[in-house]
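Chain by chain, the residues:
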Amino acid sequence: MDFTPDDTQGEITSLAARVLGKADEPADQWRALADAGLLALPLPADLGGDGLGVDHVAPVLTEVGRAAAAVPAYAVLALGILPIEALGTPAQRAEFLPPAAAGETILTAALHEPSAPLTSIPGTSGAAADGAWAVTGVKTHVPYAAEATRILTPIALPGGTGVALVDPRADGVEVLPAYNATGAPEYTVRFDGVRVSEADFLRDRTAGHALQTLHRYALAGALALGDGLLAGALALTAQHVGERTQFGRPLATFQAVAQQIADVYVASRTVHLAAVSAVWRLASGLDADTELDIAAYWLTEEAPSALAICHHLHGGVGVDRTYPLHRYSSAVKDLGRAVGGAAHRLGRLGERVAG
C-alpha cells in the first residue's frame, strides 16, 4: 500500500492493527508488517518507500506495542531506518534501507555503556590507524546485535563524536548474550581495535549532531512503543474486570476496582499525550528535546506502576504465562531500561532546569 503525507496516522494505525491481528507468530507478524509496506514508510520513493517522517512511523510502533508483538520494530525503525534515512550517505541508504524495510535484515544501535545509559560522551573511542579508525570500548543492552547487519555505534573521536555503522561480524567485535525481561535478543558488545573507515560514519560525524539525532529517534520510538504497550495492557485489564464476576457482580462494578482501573487510564492518557506532542515537535522540525525528556520520564515513572495495577486487578490470572499480560509488563520493564530508567530521565530534566 502506498501512503502520502495527506494520509492520516489513523489509516496507518488501522492497517498496522489489521496485519498484526492476522498473525500469531512473531515471524509472521514481522513479514506481514513488511509486506504491507509499513517498514518502508520513511524510505524515499527512489528506494521503494513513501518518504514519510517519524510522525507516520510512530503509529506503527504504537500498534506493535498494543499487540505486545515480539518483533524487532523498535530496533529496525527507530534505531536503524530513521537515523540512516536522516543522516546516511547515499551509498549507506541504498545498501541498508531497502533490505531492512523488506524485513530481510535487521538494523540496531548501541546507545548504552556500563553505568552510562544513552551517553552523550561515549567511552567507546576511535584512534587513527592507517587511514581508518581503531575502535575500542564496550556497549551494553544492544537489541538484536548478533542478528543485525549493522550496529549504529556512537564513537568518541578527536574533535567530536561520530556514529558509525559497524558490522557485528567484523574482526575485533565480540557479541555476548545478555538477560532481559522479555527474552528478546539483547547483547553486550565489546570492540577491541575494530577497524572503521570514514565511509562507515553517518554524516556530521564530528559535530555530535548524528548522536543527538540518534537519541531523539530512539526516544521518540520508545515513547510510541510504550504508548501502545500501556494502552494494550489497559484494554486487556478493562475487558477482564468487565467480564470476571465476584459475588455475582462484574469486578468493574466494585468501587475500588473502578478507581484502580481509572488510575491506569489516567497514566495511559498522560503517556499518550506526552508522546504525541514530543513526536509531533520532532517531525515538525521544532526543538523537541525538552518534550522528549518529559515524555520519557512519564513513561518510565508511570508505566511500571500502571502495569502492577493491571496485574493486581487480574489476580492469579495475571501471572499465568499462558495469558498475555506478562508480555506487556516485561516489555515495559525492558523499554524503561532502554531509555535509561526513571531516575536517569528525572536527572536529565533536573539538568535542564539547573541549566
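Here, every reference points to the structure presented above.
Fair warning: this is a prediction, and the values are worked out from it, not measured in the lab.

Caption draft 1: A look at the overall build of the protein. Summing up its helical and strand segments, the protein has 10 helices and 9 strands in all. A compact globule built from 355 residues should have a C-alpha radius of gyration of about 20 Å, and the protein, at 20 Å, falls within 12% of that. C-alpha extents for the protein along the principal axes are approximately 80 × 45 × 35 Å. Out of the 355 residues in the protein, the part that is buried amounts to 52%. Here the analysis covers contacts within the protein between residues at least 6 apart in sequence; of these, 69% occur between residues at least 24 apart.

Caption draft 2: Geometry of the nonpolar core. Leu33, Leu38 and Ile81 are the most contacted members of the largest nonpolar core, which has 97 residues in total. Per-element accounting of this core gives the leading share, 17 residues, to helix α6 (residues 209-243). Counting residues in each nonpolar core, the second largest holds 17 residues, with Trp133, Val142, Val166 and Phe201 among its members.

Caption draft 3: Structural view of unusual backbone geometry. Notably, serine 115 is not glycine yet its phi reads approximately 60°, a positive angle. By the element assignment, serine 115 lies in the loop between β1 (107-109) and β2 (125-129). Positive phi outside glycine occurs at tyrosine 144, with the angle close to 55°. Assignment of secondary structure puts tyrosine 144 in the loop between β3 (132-143) and β4 (150-157).

Caption draft 4: Local environment of the pattern of salt bridges. Counted according to the given criterion, the structure contains 14 salt bridges. Between aspartate 167 and arginine 150 there is a salt bridge; the shortest N-O distance is 3.6 Å. Of the two residues, aspartate 167 sits in the loop between β5 (160-166) and β6 (173-177) while arginine 150 sits in strand β4, which places them 17 residues apart along the sequence. Classification of aspartate 167 as partly exposed rests on a relative accessible area of 24%. Between arginine 337 and glutamate 186 there is a salt bridge, with its nearest N and O atoms 2.9 Å apart. Here glutamate 186 lies in strand β7 (residues 186-196) and arginine 337 lies in helix α9 (residues 325-338), a separation of 151 residues in the sequence. Taking the relative accessible area as the measure of exposure, glutamate 186 reaches 9% and is therefore buried. The network of salt bridges with common partners includes Asp293, Arg345, Arg348, Glu351 and Arg352.

Caption draft 5: Molecular detail of the environment of threonine 89. Take threonine 89: it is sitting in the loop between α4 (73-87) and α5 (90-101). Separated by 153 residues in the primary sequence, threonine 89 and glycine 242 place their C-alpha atoms 53 Å from one another.

Caption draft 6: Region of the structure containing the layout of surface pockets. Taken as a whole, the largest pocket spans an internal volume of roughly 730 Å³. Considering the residues around the largest pocket, the lining is formed by 34 residues, among which Tyr144, Thr182, Ala184, Ala331 and Asp334 are closest to the centre. Of the residues forming the lining of the largest pocket, the biggest block, 8 residues, is contributed by α9. Taken as a whole, the second largest pocket encloses approximately 380 Å³ of empty space. When residues of the lining of the second largest pocket are assigned to their parent elements, the largest contribution, 7 residues, is made by helix α7 (residues 255-283).

Caption draft 7: Fine view of helix α10 (residues 341-354). Under the 1.5 Å per step criterion, the end-to-end length of α10 is 20 Å for 14 residues, consistent within 8% with the ideal 20 Å. Those residues of α10 that sit buried are Gly341, Arg345 and Leu349. The buried residues of α10 all sit within an arc of 125° when viewed along its axis, so they share a single face. Exposed and oriented more than 90 degrees from the buried face of α10 are Ala343, Glu351, Val353 and Ala354. Packing partners of the buried residues in α10 comprise α6, α8 (289-314) and α9.

Scoring rules and cut-offs
Residues numbered from 1 in each chain as written. Predicted model: local features only at pLDDT ≥ 70, side-chain atom pairs only at ≥ 80, totals over all residues. Heavy atoms only, no water. Helix = DSSP H or I, 4+ residues; strand = E, 2+ residues; numbered from the N terminus. Rg over C-alpha atoms; globule rule 2.2 N^0.38 Å. Buried < 20%, exposed > 50% of the residue type's maximum accessible area, 1.4 Å probe, protein only. Contact = heavy atoms within 4.5 Å. Core = buried A, V, L, I, M, F, W, Y, C linked by side-chain atoms within 4.5 Å. Salt bridge = Lys/Arg side-chain N within 4 Å of Asp/Glu carboxyl O. 1 Å grid on protein atoms, 1.4 Å probe; cavity = no way out; pocket = protein on both sides within 12 Å on 5 of 7 lines; lining within 4 Å. Points joined across faces, edges and corners; volume = space filled by probe spheres on them. Expected span 1.5 Å × (residues − 1). Arc of directions from axis to C-beta.

Note that every value here comes from positions in space, so none of it alone points to a role or purpose.
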